[in-house]
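What follows is each chain in one-letter form.
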Amino acid sequence: MARKFSHTVCILNLNALTDMKKSNGRTSRKRQRKRSRIFSSCGVSLSHKDEYILLKKWLKEKGCNVNKLRPAQFPETGRGLVTTKGLQVGELIISLPEKCLLTTDTVLNSYLREYIVKWTPPISPLIALCTFLIAEKWAQEKSPWKPYLDLLPEIYSCPVCLEQKIVNLFPEPLRRKAHEQRKLVQELFISSQQFFFSLQPLFPKDVASVFNYQAFKWAWCTINTRTVYMKHSQRDCFSRDTDTYALAPYLDLLNHNPTVQVKAGFNEKTKCYEITTVTQCHHYNEVFICYGPHDNQRLLLEYGFVSRDNPHSSVYVGTDTLLKNVFPEDKQRPKKLSILQEHKLLDDLTFGWDGPSWKLLTALKLLSLEADQFTSWKKVVLGEVVSEVNEKKSLDLAAEICMSLIKETQHALQKVSLLKHDCEYLRTQLNLVEALRTEELSILQRSLEMFQCLPTTTV
């Protein structure tokens, strides 16, 4: 599931600040300066807002108590949850009963059941959930899920929802994946049209206006960015596609932090989805969860955000970038590329915070083999040193690719800056690209510094 990037902050009641009495004393001025500094980095409580009050009431009616966590708006992470008490290692943060979770079981227990059961061929669990979300959102006041639906984002920032001119500013590997994502969602929508039309008896207006592409993208993004993992048994009314989706109200307000450790999963004994701390969390600190060791390109693609200072961040070297910098005159290059492809050494070539990856260096070593060294390619694949000359050539080539990517990244950031000036309405989307590209520029510059410190490179 997806949230915004994270930064541990505290919460402070905004009203308490605005209602403070003025004083001209030195002590009072010191207090005010201190409070001002705290306020500039703290969140503001959202607990008093009607929509959060209604959601907590709705959860309580379903047997869920979420008093350990309160919603707040944070300057760095946006909307999130703050703990009302210090949390110890192994403490249960939140426990959502199964009846609070929105799953395919929810769909099959609804008015959609008869339409799903009789439809052939069987629809996928994903389409069933998308259909339910769209229908319930359209129902508004009549929907029993309204308290939850009202707090879902109206707009998502996954690539499928971004302007094409924004996607064009992505690094090449991410741009390709964004195109694949858009194609996937479009194909899912088109392939579901006939099923949507079969639901016409449920709606007083043209069903095409309810299940339009914008609504489908919203539902798909809701599921893709917010579901937690929960395995369900295979049912004949659904296709063989994996059914592991569960939307978790309130829990999905938790933001992501790549350094946080928690235990999360559905407890078969308690029949609740539970999150337990692995580390301490202090009183009034924002509470985070982690979605795994994902780099920023993956986070942006799947969840629509970028994590600042992400220790897992990488800069990908696409095949086009690799070939552009690798000896086009080498007659053995096709054979070398075939070997790399066979050994899966052309995928996920990266620069990270600690420099070029092993796979990237191995690929470059093989591509740098002289004609009389080619028979030693197996040694390269196994990680052995063939010669000092080969080592030096591969490092020089890595440095050249690094410099090429730095220039490309700087050029992209210049484009972002110009678009920010000319297209104010795209500023939020442009901020995403800027955050991604800035982080990648830092990684590349650090890698270049490493090359410059090596006596074997000519950079």
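Quantities reported herein were computed from a predicted structural model and do not represent experimental measurements.

Basis of the calculations
- Residues numbered from 1 in each chain as written.
- Predicted model: local features only at pLDDT ≥ 70, side-chain atom pairs only at ≥ 80, totals over all residues.
- Heavy atoms only, no water.
- Pairing = 2+ DSSP bridges.
- Helix = DSSP H or I, 4+ residues; strand = E, 2+ residues; numbered from the N terminus.
- pLDDT = per-residue confidence, 0-100.
- Contact = heavy atoms within 4.5 Å.
- Phe/Tyr/Trp six-rings, centres within 6.5 Å; stacked < 30°, edge-to-face > 60°.
- Buried < 20%, exposed > 50% of the residue type's maximum accessible area, 1.4 Å probe, protein only.
- Core = buried A, V, L, I, M, F, W, Y, C linked by side-chain atoms within 4.5 Å.
- Expected span 1.5 Å × (residues − 1).
- Axes fitted to C-alpha atoms, helices over the stretch in contact; angles between N-to-C directions.
- Left-handed = near helix turned anticlockwise from the far one by under 90°.

Novice: Explain the sheet that holds strand S14 (residues 355–356) to me, please; I cannot follow it from the model alone.
Specialist: Note on sheets: strands pair through backbone hydrogen bonds, and any given pair is parallel or antiparallel. Taking strand neighbours across the sheet as the criterion, the three strands line up as S12-S13-S14 in an open arrangement whose pairing is antiparallel. The sheet is open, and its two edges are formed by strand S12 (314–316) and S14, each paired on a single side. As judged from the three bridges shared by S12 and strand S13 (residues 350–352), these two strands associate in the antiparallel manner. Across the sheet, the residue bridging to Val315 is Phe351, located in S13.

Novice: Help me understand the pairing of strand S3 (residues 69–74) in this model?
Specialist: Successive side chains on a regular strand alternate, one facing one side of the sheet and the next facing the other. Where strand S2 (residues 43–45) lies against S3, two bridges are found, and the strand directions are antiparallel. Paired with Val44 across the bridge in S3 is Gln73. Hairpin remark: S3 followed by strand S4 (residues 78–83), antiparallel, with three residues in the connecting loop.

Novice: Can you help me understand the confidence of the model for the chain in this one?
Specialist: Close inspection of predicted coordinates is inappropriate for parts of the model with low pLDDT. Chain-level statistics for the chain give a pLDDT mean of 88 and a share of 90% at 70 or above. Of all secondary-structure elements in the chain, the lowest mean pLDDT belongs to strand S1 (residues 11–12), at 30, while helix H6 (residues 125–139) reaches the highest, 98. Note on residues 1–24: pLDDT is under 50 here. Beyond four places in sequence and across chains, it has 81 contacts. Scored below 50 in pLDDT, residues 28–41 makes 16 contacts in the model with residues more than four places away or belonging to other chains.

Novice: Where do I start with the packing of aromatic side chains in this structure?
Specialist: Ring pairs (aromatic) are described by centroid distance and by the angle formed between their planes. Inspection of the entire model under this criterion finds 15 aromatic pairs. With a centroid separation of 6.5 Å and an interplanar angle of 25 degrees, the aromatic rings of Tyr111 and Phe132 are classed as stacked. Pair noted here: Tyr111 is in the loop between helix H4 (104–108) and helix H5 (113–118) and Phe132 is in helix H6, with a separation of 21 residues, a long-range link. Among the residues examined, Tyr111 registers a relative accessible area of 35% and is labelled partly exposed. Pairing Tyr291 with Tyr303 gives two aromatic rings, centres 5.3 Å apart and planes at 45 degrees, and the pair type is tilted. Here the residue Tyr291 occupies a position in the loop between strand S11 (286–289) and helix H13 (296–303), and Tyr303 occupies one in helix H13, the gap between them amounting to twelve residues. Exposure class is identical for Tyr291 and Tyr303. Each is buried. Put simply, the rings of Trp119, Trp138, Phe189, Phe195, Phe196, Phe203, Phe211, Tyr213 and Phe216 pair up and form one aromatic cluster.

Novice: Would you take a moment to explain the nonpolar core for this structure?
Specialist: Here is a general trend for soluble globular proteins: nonpolar side chains tend to be buried in one another's company. By size, the foremost hydrophobic cluster in this structure holds 77 residues, and its most contacted members are Leu59, Ile116, Phe211, Phe216, Tyr250 and Leu251. In terms of residue count, the dominant contributor to this core is H6 (nine residues). Contacts of Tyr250, omitting those with residues within four sequence positions, involve Leu55, Lys56, Leu59, Val66, Leu69, Arg70, Pro71, Leu81 and Ile94. Among the nonpolar cores identified, the runner-up in size contains 36 residues, and Val317, Leu340, Leu367 and Cys402 belong to it.

Novice: Help me understand H6, please; the structure alone is not making it clear to me.
Specialist: Since the α-helix packs 3.6 residues into each turn, any two residues three or four apart lie on the same face. Helix length check: H6, at 15 residues, gives a terminal C-alpha distance of 21 Å against a target of 21 Å (1.5 Å per residue), a fit within 8%. For H6, the tally of buried residues reaches twelve of 15 residues, placing the bulk of the element in the interior. Within the sequence span of H6, burial applies to Pro125, Leu126, Ile127, Ala128, Leu129, Cys130, Thr131, Phe132, Leu133, Ile134, Ala135 and Glu136. Once H6 ends, the next one or two residues include Gln140, with phi positive near 55 degrees.

Novice: Which parts of the structure should I look at to understand the packing of H6 against helix H12 (residues 213–226)?
Specialist: If you want to describe how two helices pack, look at the angle between their axes and the distance between the axes. Orientation of H6 relative to H12, taken along the N-to-C sense of each, is 120 degrees, at an axis distance of 9 Å. Our pair here, H6 against H12, has a crossing hand that is right-handed. Here Leu126, Ile127, Leu129, Cys130, Leu133, Ile134 and Lys137 of H6 come into contact with H12, specifically with Ala215, Phe216, Trp218, Ala219, Trp220, Thr222 and Ile223.

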